[in-house]
Number of protein chains: 2
Amino acid sequence: MASYCCRLLNFKTSHNPSSLPLSLKLTVRSFSAFMSPPSTAIVYYQEGPPDSVTKMVKLPPVEIKENEVCVKMLAAPINPSDINRIQGVYPVKPQMPAVGGYEGVGEVHSLGSAVKGLSPGDLVIPCPPSFGTWQTYVVKGQSVWHKIDKGTPVEYAATVFINPLSALKMLEDFVDLNQGDAIVQNGATSMVGQCIIQLAQTRGIRSINIIRDRAGSDEAKEKLKNLGADEVYTESQLEVKNVKSLLANIPEPALGFNCIGGNAASLVMKFLRQGGTMVTYGGMSKKPITVSTSSFIFKELSLRGFYLQNFMTPSGAEECKSAIDYLLGLMREGKVTYDMEFAPFENFHAALDKSLGKLGSQFKQVIKF
Amino acid sequence: MASYCCRLLNFKTSHNPSSLPLSLKLTVRSFSAFMSPPSTAIVYYQEGPPDSVTKMVKLPPVEIKENEVCVKMLAAPINPSDINRIQGVYPVKPQMPAVGGYEGVGEVHSLGSAVKGLSPGDLVIPCPPSFGTWQTYVVKGQSVWHKIDKGTPVEYAATVFINPLSALKMLEDFVDLNQGDAIVQNGATSMVGQCIIQLAQTRGIRSINIIRDRAGSDEAKEKLKNLGADEVYTESQLEVKNVKSLLANIPEPALGFNCIGGNAASLVMKFLRQGGTMVTYGGMSKKPITVSTSSFIFKELSLRGFYLQNFMTPSGAEECKSAIDYLLGLMREGKVTYDMEFAPFENFHAALDKSLGKLGSQFKQVIKF
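So, here is what we can say about the structure in this document. (Residues numbered from 1 in each chain as written. Chains lettered and ligands numbered in written order. Predicted model: local features only at pLDDT ≥ 70, side-chain atom pairs only at ≥ 80, totals over all residues. Heavy atoms only, no water.)

## Section: the environment of T159 of chain A
Residue and element names in this part refer to chain A. Position of T159 relative to the elements: it lies in helix α5 (residues 154–159). Judged by its relative accessible area of 0%, T159 is buried. Along the sequence, T159 and S236 sit 77 residues apart, while their C-alpha atoms lie 32 Å from each other. For T159, the residues in contact, after removing those within four places along its chain, are P77, E103, P164, M191, Y338, M340 and V366. Here the side chain of T159 touches E155 through a polar contact of 2.7 Å, landing on its backbone oxygen. (Helix = DSSP H or I, 4+ residues; strand = E, 2+ residues; numbered from the N terminus. Buried < 20%, exposed > 50% of the residue type's maximum accessible area, 1.4 Å probe, protein only. Contact = heavy atoms within 4.5 Å. Polar contact = N/O pair within 3.5 Å; in protein donor to acceptor, adjacent residues only side chain to side chain.)

Set out below in structure tokens:
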């Protein structure tokens, strides 16, 4: 973080690194043994619409201090949370100007003199993630970087943290589930949704999945079933008096996940068993969650929220790293998969437009540097 | 329960005990050493509007088995839950015909031969409560009855279970509170609300209280402050951008209680601190609870429900008894008080009308037999 601020500070004084005075360029070069390469980055100077406030700019080299590692980024996704952060709707705000992106993967380029346990060429991810992965070279303290198995496909390494780890934590941290138990979720086609289906299946947990009514919903159903979903319903299929009557051999779920709100959240609650828990981790419909008094008193539902940020404490770092290694193992074995589309970094803004939904529903965009 | 069904079974065969054939009356009398006195009871034959489906009827004597105790009832309240049960809106339904009432106090009248630890004249309450306290004599197994200190005012003994115990359990079972912490509640003038204020005060816990806007709200505020409330606001006073700015020296509450729903529930959530818990135990406005996604994700609120019935398991009976003794002790010391109005049993239906709100807001009605 310190080096990153430092880079932005340099940057701020000139506002266009290519116009740096020659004397400064020479100063930079004279320390080149301890400096990173220049970096190309997606920078925003103020919060606002991501497609207009972000610019691709060249940042000058920064010093690599003795405990720091310079990583050449290989891939980084465009997540909805990255977009929300640029829009300014997230409570945690980076200092302006800021480099976008929050998770990603890279290989070690060069090391400060005091760094141990890492070598050039090692595959690393920031763990927990931190601001500024949308750039070609990132310099951060050694403790930020987690070395991972080189056999991991970069697109999975780049995307393991925000969505798959959320799915894993939500399955593990709220209700003790046993083999044969069931969960219910809306937004099942989302990346978290797909991970929940597959992680549940590895544990022998059944999944009841709710998706939107839309063109192609039959295909979406088929696809989720191929991932291991036990039941998939569109919202309109659940316009019945008792949704539970649809379940044949699946037990009433004790745990539900909501990333939509509105009616889709009510449907999750309808499936839940007495004393069940619904965990909200998103609100894609922008509608609130409405709950009857009797759901709390007689059905004894618990409503909770999940925000991955809260697990990104220094004390939780070791637990996160072992969870990440577990997920990457499943990914290497092909037991957790999801759709992604690579986008070359130079086409960043085209990928951003896709992520903003301008071209309709699209696969997760993963920037390849 | 067995004896009670038996009484109703006798009763069902004649439908008017005063018209019992003489031979049956003689049969009853010939076993009088093991029989209860006849009982006058508030009976309903079907669910519906309480003022039209309930009748005061005379029930014939029932046998007192060797493990049973016949209790002469002294007092029993009319609780909203009694009314809801007659209306049929509660999930737990007694068998029809049923005697109304659920909690109360009486003195031991006569005992089965195998009963130990109780003597005629002892003050007892059904603990946990069970159906049928609105009658002059109740016969139930010994395990139902909990002997209490004879110095306890009968109106408090009669009402200790449903409301004060709910207040105590809700304060103790959801969040670990320490001296100096705070709670927030709506419906603060309710009996549970008044108990929460006083129980919080005995533990050094501050209370923030929300009441309806109505004629007399200044008096209500004054009264709650005299009970120990730290802050009392009407809903309209909380139409400000940031309700927490109203709190001077009171910390943000970690625990809130909702018995209203709608806007009054939203106000409780607004006061709660990051990670706080709101417990719903009623829905007086008949409006649902509406929650934003960000309340779950960024504010990490937990929403739970409380239903006293769930603590009335055989395994929880001993814990309940010690909690009841603790509450009755506070009541004898005058540390937990609330308003009640005695109504003679013969005027039951006038008291019921008051409880149904036909005459506006009234004190809790306690039937005196």
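## Describing the sheet that holds strand β1 (residues 39–44) of chain A
Residues and elements named next belong to chain A. If you trace the three strands from one edge of the open sheet to the other, you get β2-β1-β4, paired in antiparallel fashion. Every other strand in the sheet has two partners, leaving β2 (54–59) and β4 (98–99) as the edge strands with one partner each. Looking at chain direction, β1 and β4 are connected through two bridges and run antiparallel. Within β4, the residue paired with V43 across the bridge is V99. Sitting on the sheet, helix α12 (residues 348–355) touches β1 and β2, and the angle it makes with β2 is about 150 degrees. (Pairing = 2+ DSSP bridges. Axes fitted to C-alpha atoms, helices over the stretch in contact; angles between N-to-C directions.)

## With respect to the packing of aromatic side chains
Counting across every chain of the model gives 18 aromatic pairs over all chains. Relative to Y307 of chain B, the ring of Y90 of chain B has its centre 6.2 Å away and its plane inclined at 80 degrees; by these criteria the two rings are edge-to-face. Linking Y90 of chain B in the loop between α4 (80–87) and β4 (98–99) with Y307 of chain B in the loop between β15 (302–305) and α11 (317–332), this pair joins segments that are 217 residues apart in sequence. Of the two residues examined, Y90 of chain B and Y307 of chain B, each falls in the buried class. Feature note: the residues Y90 and Y307 of chain A together with F298 of chain B constitute an aromatic cluster, connected by ring pairs. Above the plane of the ring of F342 of chain A lies K368 of chain A, whose end atom (NZ or CZ) is 4.4 Å from the centre. (Phe/Tyr/Trp six-rings, centres within 6.5 Å; stacked < 30°, edge-to-face > 60°. Lys NZ or Arg CZ within 6 Å of the ring centre and 35° of its normal.)

## Comments concerning the relation of the copies chain A and chain B
The two copies are related by a screw operation: chain A maps onto chain B through 180 degrees of rotation and 0.0 Å of translation along the axis, at an RMSD of 0.0 Å. When the rotation and shift are considered jointly, the pair of chain copies conforms to a two-fold rotation axis. A shared interface surface links the copies, since 100% of the contact residues of chain A are contact residues in chain B too. (Least-squares fit on C-alpha atoms with pLDDT ≥ 70 in both.)

## Considerations on unusual backbone geometry
With the exception of glycine, the majority of residues adopt a negative phi angle, and the majority of peptide bonds are in the trans configuration. The omega torsion across M96 of chain A and P97 of chain A is -15 degrees, close enough to zero to call that bond cis. Cis peptide bonds are those with omega within 30 degrees of zero, and the linkage from C127 of chain A to P128 of chain A qualifies with -5 degrees. Here P128 of chain A is to be found in the loop between β6 (123–126) and β7 (137–141). Positive phi outside glycine occurs at E300 of chain B, with the angle close to 55 degrees.

Any functional reading would require information beyond the geometric quantities listed.
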